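Chains, contacts and geometry: an overview
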Amino acid sequence: MSWLADTRTSYDTVAESYAEFVADALDKQSHMRAALTLFASEVGGPAVDVGCGPGHFTAYLESLGVDASGIDLSPAMIDLARRAHPGPRFEVGSMTDLPLPDASMAGVLAFWSLIHVPDDDVPVALGHFRRVLRPGGLLVIGYHVGAGTRLKTEGYGGHPMRVNVHLRQPWWLAKRVRAAGFKVEAEWSLNPENTVSQAILFARASA
């Protein structure tokens, strides 16, 4: 898949700059921090941060007592995560072919990582999320709200990138989450007055 190669190369290129950009993300965004805290309090077992980047969310989950691990498509991101956060386990991998056993996780976090997956491949990723989750396991997805796709050609630190950013409506994502075998429990709207707002979806894996 060309989009996978483009995404991997792009985030390898901007890894250092991206890590600096998100270093204080949780300090600035209390609602995002609250979502992770809720996730940690509900998960009750091992959890994986899919598209973990430099590992800042994974490390925060671990600080809250979660047996957290991270997976990312970019080897450069995983190298950064391992150096910055020696506690959690970090591995290179794709959400379209998660390298995890069936029913091995109590929680899956996908914070602003599904945004680079084309519409046709979203059910594939969601299917892997459901496969690796135990019945009743918690799925939390953060994403950009809107319509259409934007090609990002310049990224963090001014480095070149070539990734599509897919904006989605809540009903669109919720429909596909349900089709993958989940029950949607809640959805939070973040920065609703911004031109491009954000949302966080909470869902449980059906028995």
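The structure under discussion appears in the preceding block.
As the structure is a prediction and not an experimental result, all values here were calculated from the model. The residue numbers shown here count from 1 along each chain, following its written sequence. The predicted origin of the model limits local features to residues at a pLDDT of at least 70 and limits the giving and counting of side-chain atom pairs to 80 or more, whereas totals for whole chains, interfaces and linings rest on all residues. Only hydrogens and water are set aside; all other atoms, that is, all heavy atoms of the structure, feed into the side-chain values.

The subject of this paragraph is the nonpolar core. Here the nonpolar core consists of buried residues drawn from Ala, Val, Leu, Ile, Met, Phe, Trp, Tyr and Cys, with membership extended through side-chain atoms lying within 4.5 Å. Burial classification: accessible surface area is computed with a 1.4 Å probe over protein chains only, and a residue below 20% of its type maximum counts as buried, one above 50% as exposed, and the rest as partly exposed. In this structure, Phe111, Leu114, Phe129, Leu139, Ile141 and Val177 are the most contacted members of the largest nonpolar core, which totals 57 residues. A helix here means a DSSP run of H or I that spans at least four residues, while a strand means a run of E at least two residues long, and both kinds are numbered starting from the N terminus. With 7 residues, the single largest contributor to this core is strand β5 (residues 133-145). Any two residues whose heavy atoms approach within 4.5 Å are treated as being in contact. In contact with leucine 114, other than residues within four places in its own chain, are Met95, Val122, Ala125, Leu126, Ile141, Arg168 and Leu173. Val14, Tyr18, Ala25 and Met77 belong to the second largest nonpolar core, which has 11 residues in total.

The axes are straight lines fitted to the C-alpha atoms, using for helices just the contacting stretch, and the angles between their N-to-C directions are given from 0 to 180°. Remark: helix α1 (residues 2-22) packs on helix α5 (residues 75-84), axes separated minimally by 7 Å, with the N-to-C direction vectors making an angle of 30°. Only Pro75, Ala76, Met77, Leu80 and Arg83 of α5 make contact with α1, whose side of the interface consists of Arg8, Tyr11, Asp12, Ala15, Glu16, Tyr18 and Ala19.

Once that is clear, we can look at the sheet that holds strand β2 (residues 68-72). Pairing is mixed in the open sheet, where 7 strands are placed in the order β3-β2-β1-β4-β5-β9-β8. Looking at strand neighbours, the two that pair on one side only are β3 (89-92) and β8 (182-190), the edges of this open sheet. Each strand axis lies, on average, 15° off the axis of its neighbour in the sheet, ignoring direction. Note: strand β1 (residues 47-50) against β2, 4 bridges, orientation parallel. Residue pairing for β2: valine 50 is matched across the bridge by isoleucine 71. Against the sheet, helix α4 (residues 56-63) makes contact with β1, β2, β3 and β4 (105-111), and its axis sits at roughly 170° relative to β2, the strand it touches most. When DSSP finds at least two bridges between two strands, those strands are taken to pair.

Glancing now at unusual backbone geometry. For tryptophan 112, which is not a glycine, the phi torsion comes out positive at approximately 55°. Positionally, tryptophan 112 belongs in the loop between β4 and α6 (122-132). Here tryptophan 112 falls in the buried class, since its relative accessible area comes to 14%. For asparagine 191, which is not glycine, the phi dihedral falls at a positive 50°. Locating asparagine 191 in the fold gives a position in the loop between β8 and β9 (197-205).

With that out of the way, let us pick up the pattern of salt bridges. Salt bridge, as applied in this entry: a Lys or Arg side-chain nitrogen positioned within 4 Å of an Asp or Glu carboxyl oxygen. Summed over the entire model, instances satisfying the criterion amount to 9 salt bridges. In this structure, glutamate 16 engages arginine 83 in a salt bridge whose closest nitrogen and oxygen atoms are separated by 3.6 Å. Here glutamate 16, found in helix α1, pairs with arginine 83, found in helix α5; they are 67 residues apart in sequence, far enough to count as distant. Between arginine 168 and aspartate 119 there is a salt bridge, and its shortest N-O distance comes to 2.8 Å. One end of the pair, arginine 168, is in the loop between β7 (160-166) and α7 (170-179); the other, aspartate 119, is in the loop between β4 and α6, and 49 residues separate them in sequence. Here aspartate 119 falls in the partly exposed class, since its relative accessible area comes to 38%. In this structure, a network of salt bridges that share partners links the residues Glu42, Glu185 and Arg204.

This part covers α6. The set of residues buried in α6 consists of Val122, Ala125, Leu126, His128, Phe129, Arg130 and Val132. Each element contacted by the buried residues of α6 is listed here: β1, β4, β5, α7, β8 and β9.

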